[in-house]
Amino acid sequence: MNPIIPIVESPAHTPPGHPKLRPCADVQLFTRNPGNPLLTRENWPYPINSVLNAGAVLLADGDTLLLCRVEERTGLSHLCAARSANGVDGWRIDPQPTLPANPRDYPEEIWGIEDPRITYVPELEQYAVAYTSFARGGPGVSLALTKDFISFERLGVIMQPEDKDAALLPRRIDGRWALIHRPVTALGAHMWISYSPDLRHWGSHKIILEARRGGWWDANKIGLCSPPIETDKGWLVIYHGVRQTVSGGIYRLGLALFDLERPDVCLQRGNSWVFGPETPYERCGDVNDVVFPCGQTIGADGDTIYMYYGAADSSIALATGSVRAILAWLDANHVRLKGVHPSA
């Protein structure tokens, strides 16, 4: 369920912007589904304010499952599953919250739970759901395990506030589990990696990608989007950057590639954003100008990415892309990291 994607170079798969052609920052790497938005509050079987930021996984029976963040009319959030045979329509939504907040047993969830990212872990034969738990101290990272998205084993808080945007890698690195996350510290809002022997005790914290400075599209604040994709060239990461303007923030998506056995080492980082808010449902909503994916699935061809993203914090939409095209674009449009810090 987390296959390593082999990258086959052939003329038939040479996309526009491939380094054999020319660098081109404006190549369209993702195509919006014409049925967008796929899910809105009108689809929900009980009263809610909005649905957004869903983790995604392809189940063994072929169904696509989205574990959606659902914001209640109280302003607090819970998680609810929606299933579809084709990942586009005919969604079957759980009639009640799939994973509600449980502040009685887990006080870190007193103000709700948000933004799940799902990783299937073959060693455990379970799905690991990393999500944001929100309490008086701010947002932290919590982890839960499930085999069926019906019952869940909560492991509780694994990263203290302020921290979010987390996903577990699907296999151990040098015998330890690895988690990418985004704490906010005196150093700024950068992406980090941490390691654990047992999923409960974490250490060896290290920055892996810094928010750039100055006028860059991803200056000052970045974070992981959907879980990293394992390819034979490295861990392919889609991340978000926030550009602050006089009218508010703009959330856009960028790309980076990390070493397979040393995921703290960034091999390539795109020099421009590749997907941003353009359509009315992305530009206008509870939070304007936001595209925010928390999950994707990979097609049967081993190349097509189905990226599910929150749009303006009000709905869930879908865009498709190609792993090969993305890696080729990175080859042609990346910051030269040799001798240059990736935040430069």
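## Considerations on the overall build of the protein
(1) Moving on: Scanning the protein from N- to C-terminus turns up two helices and 22 strands.
(2) Moving on: Pairs at least 24 apart in sequence give 51% of the contacts found in the protein among residues at least 6 apart.
(3) Moving on: For the protein, the accessible area works out to roughly 14200 Å², and carbon and sulfur atoms hold 52% of it.

## Re the nonpolar core
(1) Moving on: Leu29, Phe30, Leu236, Leu255, Phe275, Met307 and Tyr309 are the most contacted members of the largest nonpolar core, which has 26 residues in total.
(2) Moving on: At six residues, the largest contribution of residues to this core is made by helix 2 (residues 323-332).
(3) Moving on: Among residues more than four places away in sequence, those in contact with Leu29 are Leu255, Val274, Thr320, Gly321, Ser322, Ala325, Ile326 and Trp329.
(4) Moving on: Within the second largest apolar cluster, 21 residues are counted, among which are Leu169, Tyr195, Ile208 and Ala256.

## Let's talk about helix 2
(1) Moving on: Of all ten residues making up helix 2, nine are buried, and the element is well covered by its neighbours.
(2) Moving on: Of all the positions in helix 2, only Val323, Arg324, Ala325, Ile326, Leu327, Ala328, Trp329, Leu330 and Ala332 are classed as buried.
(3) Moving on: Among the residues of helix 2, the N-terminal cap falls to Ser322, whose side-chain oxygen and the backbone nitrogen of Arg324 are separated by 3.3 Å.

## What about the pattern of salt bridges?
(1) Moving on: Within the structure shown, the criterion is met by 21 salt bridges.
(2) Moving on: Across the salt bridge formed by Arg182 and Asp165, the nearest N and O atoms sit 3.5 Å from each other. Of the two residues, Arg182 sits in strand 11 (residues 177-185) while Asp165 sits in strand 10 (residues 163-168), which places them 17 residues apart along the sequence.
(3) Moving on: Residue Glu261 is joined to Arg171 by a salt bridge in which the shortest nitrogen-to-oxygen separation is 3.1 Å. Of this pair, Glu261 sits in the loop between strand 18 (248-258) and strand 19 (266-269) while Arg171 sits in the loop between strand 10 and strand 11; the two residues are 90 residues apart in sequence, bridging distant segments of the chain.
(4) Moving on: Here Glu261 falls in the partly exposed class, since its relative accessible area comes to 44%.

## Description of the sheet that holds strand 1 (residues 31-32)
(1) Moving on: On the basis of which strands lie adjacent, the open sheet formed by four strands has the order 1-22-21-20 and antiparallel pairing. A single partner strand is all that each edge strand has here, and the edge strands are strand 1 and strand 20 (291-298).
(2) Moving on: Note: strand 1 against strand 22 (residues 315-322), two bridges, orientation antiparallel. Its bridge partner being in strand 22, Arg32 is matched across the sheet by Ala319.
(3) Moving on: Against the sheet, helix 2 touches strand 20, strand 21 (304-311) and strand 22, its axis set at about 75 degrees to strand 22.

## Some details on the sheet that holds strand 9 (residues 153-159)
(1) Moving on: Taken together, the four strands give an open sheet; going across it, the order is 6-7-8-9, and neighbouring strands pair in antiparallel fashion. Every other strand in the sheet has two partners, leaving strand 6 (113-121) and strand 9 as the edge strands with one partner each. Averaged over all pairs of adjacent strands, the angle between their axes in this sheet comes to 25 degrees, without regard to strand direction.
(2) Moving on: Relative to strand 8 (residues 138-146), strand 7 (residues 126-135) runs antiparallel, the two being bridged by nine bridges. Bridging across to strand 8, Phe134 finds its partner in Pro139.

## With respect to unusual backbone geometry
Phi is mostly negative for residues that are not glycine, and the peptide bonds are mostly trans.
(1) Moving on: The amide bond that connects Asn36 to the next residue, Pro37, takes the cis arrangement and shows omega of -10 degrees.
(2) Moving on: Tracing the backbone through its elements, the reader meets Pro37 in the loop between strand 1 and strand 2 (50-58).
(3) Moving on: With an omega of 0 degrees, the peptide bond running from Pro161 to Glu162 counts as cis.
(4) Moving on: Mapped onto the elements of the fold, Glu162 is located in the loop between strand 9 and strand 10.
(5) Moving on: In the Ramachandran plot, Phe149 falls in the positive-phi region, its phi being about 55 degrees despite a non-glycine side chain.

## Structural notes on the confidence of the model for the protein
(1) Moving on: Of the residues in the protein, 90% reach a pLDDT of 70 or more, and the chain-wide mean stands at 92.
(2) Moving on: A low-confidence stretch, residues 8-23 (pLDDT under 50), is modelled with 23 contacts involving residues beyond four sequence positions or located in other chains.
(3) Moving on: Low pLDDT, under 50, characterises residues 338-342; the stretch is placed with six contacts to residues that sit more than four places away or in other chains.

## Examining the state of the cysteines
(1) Moving on: Enumeration according to the criterion identifies zero disulfides in this entry.
(2) Moving on: Between Cys80, a cysteine without a disulfide, and Cys68, which holds the nearest cysteine sulfur, the sulfur-to-sulfur distance is 6.7 Å.
(3) Moving on: Not engaged in a disulfide, the cysteine Cys294 finds its nearest cysteine sulfur in Cys225; these two sulfurs lie 7.4 Å apart.
(4) Moving on: Overall, Cys294 belongs to the buried group, its relative accessible area being 0%.

Thresholds, definitions, all that
Residues numbered from 1 in each chain as written. Predicted model: local features only at pLDDT ≥ 70, side-chain atom pairs only at ≥ 80, totals over all residues. Heavy atoms only, no water. Helix = DSSP H or I, 4+ residues; strand = E, 2+ residues; numbered from the N terminus. Contact = heavy atoms within 4.5 Å. Areas by Shrake-Rupley, 256 points an atom, 1.4 Å probe, with all protein chains shown as cover. Core = buried A, V, L, I, M, F, W, Y, C linked by side-chain atoms within 4.5 Å. Buried < 20%, exposed > 50% of the residue type's maximum accessible area, 1.4 Å probe, protein only. Polar contact = N/O pair within 3.5 Å; in protein donor to acceptor, adjacent residues only side chain to side chain. Salt bridge = Lys/Arg side-chain N within 4 Å of Asp/Glu carboxyl O. Pairing = 2+ DSSP bridges. Axes fitted to C-alpha atoms, helices over the stretch in contact; angles between N-to-C directions. pLDDT = per-residue confidence, 0-100. Disulfide = S-S within 2.5 Å.

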